[in-house]
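Chain residues, written in single-letter form:
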Amino acid sequence: SILMAVNEREINVKINVEIKKYETLKKAFLKLYETETKASKSRRENFEKIARIQENDNNTLKDIYNLFTNDMKTLEDKRSIHLNKIMDLILPVTDYYPEKLKNTKKSLEELSKLRKNKAKLEKSRNEIKNDNVSEVQRINGELAKSRNEEVKKGVGLENEMCKFESERVDDNKFLFLHFIHSELKYHAAALEKMSELFYKINEREPRAELEDFKNRYKIDFDLNDLGIDIEKLKEAKEKLESKIGRASCRERV
C-alpha cells in the first residue's frame with residue numbers, strides 16, 4: 001500500500017506544499033493582471049491626451065494623430081480580452097486545486113483517526129485478561145471493522161492522490177499553454193495592426209501642406225530652399241485621398 005509505505009506526515013507535507021504553490025501561482029497571475037490593467041489604463045489616458053491635441057495648421061498631421069490614437073485604443077481593447085482570460089480561465093484553476101487538496105487533507109485526517117482508534121483497540125485488547133473472552137471477541141470485532149474502514153479509506157485516498165497528481169500536472173501545463181496562446185494571439189493581432197498603422201502613417205505626407213501654412217501666416221519663404229518638391233508631394237497627397245475615397249465607397253457598398 002502506498003499509504004503504508006509513505007507516512008502520513010510526508011503526504012501532509014506534500015498537500016501543504018501544493019497549496020502554497022497554487023497560492024504563488026494565483027498571486028503571480030493576479031499581479032500580472034493588475035499590473036497590465038493599470039498599464040493599459042495609463043496608455044488609454046495618454047492616447048486620449050494625444051487625441052485632444054488641437055492640430056489646426058496641418059490636416060494630414062491631424063489625420064495621423066487620429067489614426068494613431070484610434071488604432072492604439074483598439075489594440076488596448078484586444079489586450080483587455082487577453083487580460084480577462086487570466087481572470088476567467090487561469091485564476092479559477094488556482095482556486096480549484098487548493099480546495100480539492102483541503103478535502104484530501106480531511107480524508108488523511110480521517111485515516112489518521114482510524115489508525116489511532118485501531119491502535120487504541122489493540123492496546124485495550126492486550127490489556128484484557130485471557131479469561132474475559134466476550135470482551136476480547138467484542139474488541140476483535142471492532143478491530144476487524146476498523147481495519148476494513150482503514151483499508152477502504154486508504155485505498156480511496158491512494159486513488160485520490162494519484163488522480164489529483166495526474167490532473168494537477170496536466171492542468172498546470174495547460175494553464176501556461178492557455179496564457180501563452182492568449183499572449184501569442186494578442187501579439188499577432190497587435191503586430192498586424194501596428195504594421196498596417198505604420199504603412200498608413202508612412203504613406204501620408206504632411207509636408208504637402210507647407211504652402212498652405214506659408215500662405216496662412218503670410219511667410220515669405222521659398223520652399224525650394226528646403227529641398228522639397230512641393231508639387232510632387234501634392235500629387236502624392238491627392239492620389240492617396242482618391243485611394244482612401246474609393247476604399248470608403250467600397251466599404252459603404
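All of the points below concern the structure found in this document. Keep in mind the model is a prediction, meaning the values are calculated, not measured.

Section: the overall build of the protein chain
Line of reasoning, step 1. When you go through the protein chain residue by residue, the secondary structure sums to six helices and zero strands.
Line of reasoning, step 2. Scaling as 2.2 N^0.38, a compact globule of 253 residues should have a C-alpha radius of gyration of about 18 Å, whereas the protein chain reaches 36 Å, well beyond that.
Line of reasoning, step 3. With respect to the three principal axes, the spread of C-alpha positions in the protein chain is 130 × 35 × 30 Å.
Line of reasoning, step 4. Partitioning the intrachain contacts of the protein chain with sequence separation of at least 6 by distance along the chain shows that 81% fall at a separation of at least 24.
Line of reasoning, step 5. Counting only carbon and sulfur atoms, one obtains 54% of the accessible surface of the protein chain, whose full area is about 17300 Å².

Notes on the side chain of Glu18
Line of reasoning, step 1. Topologically, Glu18 is positioned in helix α2 (residues 8-51).
Line of reasoning, step 2. One polar contact links Glu18 to Lys21, side chain to side chain, over a distance of 3.0 Å.
Line of reasoning, step 3. Non-local contacts of Glu18, meaning those with residues more than four positions away in its chain, are made with Leu101, Phe164 and Arg168.

Looking at the nonpolar core
Line of reasoning, step 1. Ranked by size, the top nonpolar core spans 19 residues in total, and within it Ile15, Phe29, Ile86 and Ile90 carry the most contacts.
Line of reasoning, step 2. Looking at this core, the elements that each hand over two or more residues are α2, α3 (59-127) and α4 (133-202).
Line of reasoning, step 3. Excluding residues that lie within four positions of it along the chain, Phe29 makes contacts with Ile86, Ile90, Leu91, Leu175, Phe176 and Phe179.
Line of reasoning, step 4. Ranked by size, the runner-up nonpolar core spans seven residues in total, among them Leu67, Leu75, Tyr186 and Ala190.

Topic: the packing of aromatic side chains
Line of reasoning, step 1. Tallied over the full model, the rule gives seven aromatic pairs.
Line of reasoning, step 2. Aromatic pair Tyr97 and Phe164: ring centres 5.7 Å apart, planes at 70 degrees, arrangement edge-to-face. Of this pair, Tyr97 sits in helix α3 while Phe164 sits in helix α4, placing them 67 residues apart in sequence. With respect to class, Tyr97 is no different from Phe164; both count as buried.
Line of reasoning, step 3. Taken together, the aromatic side chains of Tyr22, Tyr96, Tyr97 and Phe164 make up a single cluster linked through ring pairs.
Line of reasoning, step 4. Taking NZ or CZ as reference, Arg79 lies 4.6 Å from the ring centre of Tyr186, over its face.

Considering the side chain of Asn58
Line of reasoning, step 1. Structurally, Asn58 is set in the loop between α2 and α3.
Line of reasoning, step 2. Among residues more than four places away in sequence, those in contact with Asn58 are Pro206 and Glu209.

Things to note about the environment of Arg125
Line of reasoning, step 1. Looking at where Arg125 falls in the secondary structure, it is placed in helix α3.
Line of reasoning, step 2. Spatially, the C-alpha atoms of Arg125 and Leu32 are 60 Å apart, while their sequence positions differ by 93 residues.
Line of reasoning, step 3. Every residue in contact with Arg125, bar those within four places of it in the chain, is listed here: Val136, Ile139, Asn140, Leu143 and Arg147.
Line of reasoning, step 4. Engagement of the side chain of Arg125 in a polar contact is seen with the side chain of Asn140, the distance being 2.9 Å.

Thoughts on α3
Line of reasoning, step 1. Over its 69 residues, α3 runs 102 Å from end to end, which matches the ideal 102 Å to within 8%, given 1.5 Å per residue.
Line of reasoning, step 2. In the structure, α3 departs most strongly from a straight axis at Ile90, where the bend amounts to approximately 35 degrees and where the proline Pro92 lies between one and four residues downstream.
Line of reasoning, step 3. N-capping of α3 is provided by Asn58, with a side-chain oxygen placed 3.1 Å from the backbone N of Thr60.

Notes on the packing of α2 against α3
Line of reasoning, step 1. For the pair α2 and α3, the least separation of the axes is 9 Å and the interaxial angle reads 165 degrees. If you check the angle between α2 and α3, you find them roughly antiparallel. Seen from above, α2 lies across α3 with left-handed handedness.
Line of reasoning, step 2. Of the residues assigned to the contact of α2 with α3, the class counts are 23 nonpolar, ten polar and 15 charged.

Quick look at a nonpolar patch on the surface
Line of reasoning, step 1. Among the surface-exposed residues, Phe174, Phe176, Leu177, Ile180 and Leu184 lie close enough to one another that they form a single nonpolar patch of about 470 Å² accessible area.
Line of reasoning, step 2. With respect to the secondary-structure elements, Phe174 resides in helix α4.
Line of reasoning, step 3. Using a relative accessible area of 38% as the deciding quantity, one classes Phe174 as partly exposed.

What to know about unusual backbone geometry
Line of reasoning, step 1. Residue Lys218 is not a glycine yet carries a positive backbone phi of 50 degrees.
Line of reasoning, step 2. Inspection of the secondary structure assignment puts Lys218 in the loop between α5 (210-216) and α6 (230-252).

Calculation rules
Residues numbered from 1 in each chain as written. Predicted model: local features only at pLDDT ≥ 70, side-chain atom pairs only at ≥ 80, totals over all residues. Heavy atoms only, no water. Helix = DSSP H or I, 4+ residues; strand = E, 2+ residues; numbered from the N terminus. Rg over C-alpha atoms; globule rule 2.2 N^0.38 Å. Contact = heavy atoms within 4.5 Å. Areas by Shrake-Rupley, 256 points an atom, 1.4 Å probe, with all protein chains shown as cover. Polar contact = N/O pair within 3.5 Å; in protein donor to acceptor, adjacent residues only side chain to side chain. Core = buried A, V, L, I, M, F, W, Y, C linked by side-chain atoms within 4.5 Å. Buried < 20%, exposed > 50% of the residue type's maximum accessible area, 1.4 Å probe, protein only. Phe/Tyr/Trp six-rings, centres within 6.5 Å; stacked < 30°, edge-to-face > 60°. Lys NZ or Arg CZ within 6 Å of the ring centre and 35° of its normal. Expected span 1.5 Å × (residues − 1). Bend = angle between axes of the 7 residues up to and from the residue. Axes fitted to C-alpha atoms, helices over the stretch in contact; angles between N-to-C directions. Parallel < 35°, antiparallel > 145°, perpendicular 65-115°, else oblique. Left-handed = near helix turned anticlockwise from the far one by under 90°. Nonpolar A, V, L, I, M, F, W, Y, C, P; charged D, E, K, R; others polar. Patch = residues over 30% accessible without salt bridge, like charges linked within 9 Å, V, L, I, M, F, W, Y side chains within 5 Å. Salt bridge = Lys/Arg side-chain N within 4 Å of Asp/Glu carboxyl O.

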